[in-house]
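Examining the three-dimensional arrangement
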Amino acid sequence: MFLSHFSLKPLSLASLSPFSFSSSSLRFRSSSNPLFRFYPFHSLKSRACPPPPSSSSIACYVSTSGGVPMDSPSPDLAESVDSVARDLKNQSLNSDDDNHEEGPTLLKNKKKKKSLEDLYWDHSFVTQLPADPRTDSIPREVLHACYTKVLPSAEVENPQLVAWSESVAELLELDPQEFERPDFPLLFSGASLLVGSLPYAQCYGGHQFGMWAGQLGDGRAMTLGEIINSKSERWELQLKGAGKTPYSRFADGLAVLRSSIREFLCSEAMHSLGIPTTRGLCLVTTGKNVTRDMFYDGNPKEEPGAIVCRVAQSFLRFGSYQIHASRGKEDIAIVRALADYAIRHHFPHIENMNRSESLSFSTGDEDHSVVDLTSNKYAAWTVEIAERTASLIASWQGVGFTHGVLNTDNMSILGLTIDYGPFGFLDAFDPSYTPNTTDLPGRRYCFANQPDIGLWNIAQFASTLSSAELINEKEANYAMERYGTKFMDEYQATMTKKLGLPKYNKQLISKLLSNMAVDKVDYTNFFRLLSNIKADLNIPEEELLVPLKAVLLDIGKERKEAWISWVKTYIEELAASGISDEERKVSMNAINPRYVLRNYLCQSAIDAAEQGDFGEVQRVLKLMERPYDEQPGMEKYARLPPAWAYRPGVCMLSCSS
């Protein structure tokens, strides 16, 4: 049964043979027997940290023996690591403020709105990492290089601005009036180059559906360069759908309006939900049609072309490192160079660590060996990437988000949600839900499997760094263990807050999710309505389900009794907490969104936009800026999907775009 609990035997680096294995060789378990669960489970648990021997040393002992229940978070270890990491990061950030070398003195001046010509460009990626000596876009294998310089080549005819994000413009300190420029659509369709930009396509590889796929790369995305704002923040701008690159393989390098609207809206919706993500600055149509076979069924059709400008501090992925390690001795040094680059620009607190601030941890092995994160910056870096990934996926599980294509080339080293393809938010709660038609046979990337896949992908990344001799086996295994600990800490904390409980209650949450799965209860609307339940032990039994009647639809007598039993137990927990109903409702509504970007909302915006009406895209964008607010008059956007939403291409999609 899917609600049984498991003991996790952690993945070991010794079991990995990079780039030449099937998923089964890593003890990856199918959805019927996962390592992690979206509901409470058993797994690794850290033992409490003993008092440090001195103020400058923190020694924690972490068990990897497996089979120990993870019924509650491990606050001692998590708080110790997080506290030291915060201190180090704050020190490095303060240092950066005083001695920043990435931009001119004007960056320290008072922030002001800029024109496109005033943006300060930096090109650290192309100046500090090896380049492809060729600059043509002929599909080919690119060796000994991290990128290829390219130029946008998408055909454009009267491009139009569909929508833009005010908050992303704010990050770049871009004057809103710039979006009204007549040449703005030309610049962001690639028809004209932005002054100061230096476009390139990144080389990377990846595991796709558990199998090594070799070179992949930016097949239709071109990074224009890095913008540095007055806060010394580095933001990469990237045009997706701008034309062919050497990594396009047999594709055309283009994107359609349908997929571009989905990516633009969801990146901004996820940000507003508080989930780390790449961002969308703007979306433009190209004015030309693109041929796509949406369902891979031999029936291609013409669709409007479009280009979205994506923004992130970095678009580096796990696969950015894997590709070079896979090529052996000639390219293995690039893995180190790329790691050094990432640490220098995106993890400066790790670069600034020193041996006086000991961060050492017992591996729990028989030899009682110790992993010292301050003696190897690459080990500390790997651990942070593992924890960021775990935190990200825990946040997905909290809002019911399913990515759909968690290949290693779609995993950000910054812990960002990246590459929005056939994603989907849960409607009726179904742990096996996958929005990707390509994933249907095995449901590898279904909602319930996402925590497992995150661990599997971290294992591939750690194996890559190990093959480059940046970390050893114990350090790799420790990073994977920290993933497990961090995920459970974050997931349990999230679920506790979603229910408004004072502490984690495994049995109560497990039973709730079981009930929701049996009755196909809408995930988003249920948790939003749950805050209306009062902590009153005297409510008559026949009135207990009144606050939930809008989501408990068509349930029979037996199921009604099951829900009444759960609500009674829940009210007992609430009454014992001593928290007022009003206070609890406010806190619950701050974590349970009123609105999420359901697939049918995307499709409604797409249908209108394909007819030349961009108003619905803009309305949905505005709505998703405040997903936790009631927003009177917008209630229809919280409704359950209409019947038409279950047609192919709406509730489920392929990777084609």
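Criteria and cut-off values
Residues numbered from 1 in each chain as written. Predicted model: local features only at pLDDT ≥ 70, side-chain atom pairs only at ≥ 80, totals over all residues. Heavy atoms only, no water. Helix = DSSP H or I, 4+ residues; strand = E, 2+ residues; numbered from the N terminus. Buried < 20%, exposed > 50% of the residue type's maximum accessible area, 1.4 Å probe, protein only. Contact = heavy atoms within 4.5 Å. Core = buried A, V, L, I, M, F, W, Y, C linked by side-chain atoms within 4.5 Å. Phe/Tyr/Trp six-rings, centres within 6.5 Å; stacked < 30°, edge-to-face > 60°. Axes fitted to C-alpha atoms, helices over the stretch in contact; angles between N-to-C directions. Parallel < 35°, antiparallel > 145°, perpendicular 65-115°, else oblique. Expected span 1.5 Å × (residues − 1). Polar contact = N/O pair within 3.5 Å; in protein donor to acceptor, adjacent residues only side chain to side chain. Salt bridge = Lys/Arg side-chain N within 4 Å of Asp/Glu carboxyl O. Pairing = 2+ DSSP bridges.

Right, let's get into the environment of Tyr 570. Relative to the assigned elements, Tyr 570 resides in helix α14 (residues 557-577). Take Tyr 570: its relative accessible area is 0%, and that puts it in the buried class. Taking the C-alpha atoms as reference points, Tyr 570 and Leu 499, separated by 71 residues in sequence, lie 8.8 Å from one another. When near neighbours in sequence (up to four residues on either side) are disregarded, Tyr 570 contacts Leu 499, Leu 501, Leu 508, Leu 530, Ile 533 and Met 588.

What follows deals with the nonpolar core. Formed by 133 residues in total, the largest nonpolar core has its most connected members in Trp 381 and Ile 413. Apart from the residues lying within four places of it in its own chain, the contact partners of Ile 413 are Leu 316, Arg 317, Phe 318, Tyr 321, Ala 342, Phe 347, Trp 381, Ile 385 and Phe 461. Within the second largest apolar cluster, 33 residues are counted, among which are Ala 169, Ala 242, Cys 309 and Ile 323.

Okay, unusual backbone geometry next. Of note in this structure, Glu 173 is not a glycine but carries a positive phi near 60 degrees. On the secondary structure map, Glu 173 appears in the loop between α3 (166-172) and α4 (184-187). Using a relative accessible area of 1% as the deciding quantity, one classes Glu 173 as buried. Residue Glu 469 is not a glycine yet carries a positive backbone phi of 60 degrees. Within the secondary structure, Glu 469 is located in the loop between α10 (450-467) and α11 (473-498).

Okay, the environment of Gly 219 next. With respect to the helices, strands and loops of the structure, Gly 219 is situated in the loop between β7 (211-215) and β8 (221-228). With 29 residues separating them along the chain, Gly 219 and Ser 248 place their C-alpha atoms 3.8 Å apart. With near-sequence residues (within four places) excluded, Gly 219 lies in contact with Gly 243, Thr 245, Tyr 247, Ser 248 and Gly 253.

This brings us to the packing of aromatic side chains. Per the counting criterion, the structure on display carries 28 aromatic pairs. Between Phe 487 and Tyr 491, the aromatic rings sit 5.7 Å apart at their centres with planes inclined by 5 degrees, giving stacked as the arrangement. On the criterion of helical spacing, the pair formed by Phe 487 and Tyr 491 is a turn pair, its members being four residues apart in helix α11. Pair check on accessibility: Phe 487 and Tyr 491 agree, each one buried. On the basis of an interplanar angle of 65 degrees and a centroid distance of 5.1 Å, the ring pair of Tyr 523 and Phe 527 is categorised as edge-to-face. A residue pair is termed a helical-turn pair when its members lie 3 or 4 positions apart in one helix, as Tyr 523 and Phe 527 do in helix α13 (residues 523-530) at four residues. When its relative accessible area of 3% is taken as the criterion, Tyr 523 is described as buried.

Let's shift gears to the packing of helix α16 (residues 599-609) against helix α17 (residues 615-623). Each pair of packed helices can be summarised by the angle the axes make with each other and by the distance between the axes. Two numbers describe how α16 lies on α17: the axes approach to 7 Å, and their chain directions differ by 150 degrees. Considering the angle they form, α16 stands roughly antiparallel to α17. Here Leu 601, Ser 604, Ala 605, Ala 608 and Ala 609 of α16 lie close against α17, whose contacting residues are Glu 616, Val 617 and Val 620.

This brings us to helix α12 (residues 506-519). The terminal C-alpha atoms of α12, which comprises 14 residues, lie 20 Å apart, in line with the 20 Å expected from a rise of 1.5 Å per residue. With respect to burial, α12 is a largely interior element, eleven of its 14 residues being buried. Regarding α12, the residues found buried are Lys 506, Leu 508, Ile 509, Ser 510, Leu 512, Leu 513, Ser 514, Asn 515, Met 516, Ala 517 and Asp 519. Structurally, α12 contributes buried residues whose contacts are with α11, α13 and α14. Where α12 begins, the side chain of Asn 505 points an oxygen toward the backbone nitrogen of Gln 507, at a separation of 3.3 Å. Phi for Lys 520, located one or two positions after α12, is positive at around 50 degrees.

Here we take up the pattern of salt bridges. Following the criterion strictly, the structure yields 36 salt bridges and no others. Residue Arg 310 is joined to Glu 263 by a salt bridge in which the shortest nitrogen-to-oxygen separation is 2.8 Å. Of the two residues, Arg 310 sits in strand β11 (residues 301-312) while Glu 263 sits in helix α5 (residues 257-272), which places them 47 residues apart along the sequence. The exposure classification of Arg 310 matches that of Glu 263, with both residues buried. The closest approach of N and O atoms between Glu 630 and Arg 528, which form a salt bridge, is 3.0 Å. Of this pair, Glu 630 sits in the segment after α17 while Arg 528 sits in helix α13; the two residues are 102 residues apart in sequence, bridging distant segments of the chain. One continuous salt-bridge network, built from bridges that share partners, spans Lys 240, Glu 263, Arg 310, Arg 317 and Asp 419.

In this structure, strand β6 (residues 205-208) lies alongside β7, joined through three bridges in antiparallel fashion. Across the sheet, residue Gln 208 finds its bridge partner in β7, namely Met 211. The turn linking β6 back onto β7 is made up of two residues, and Phe 209 within it adopts a positive phi angle of 55 degrees.

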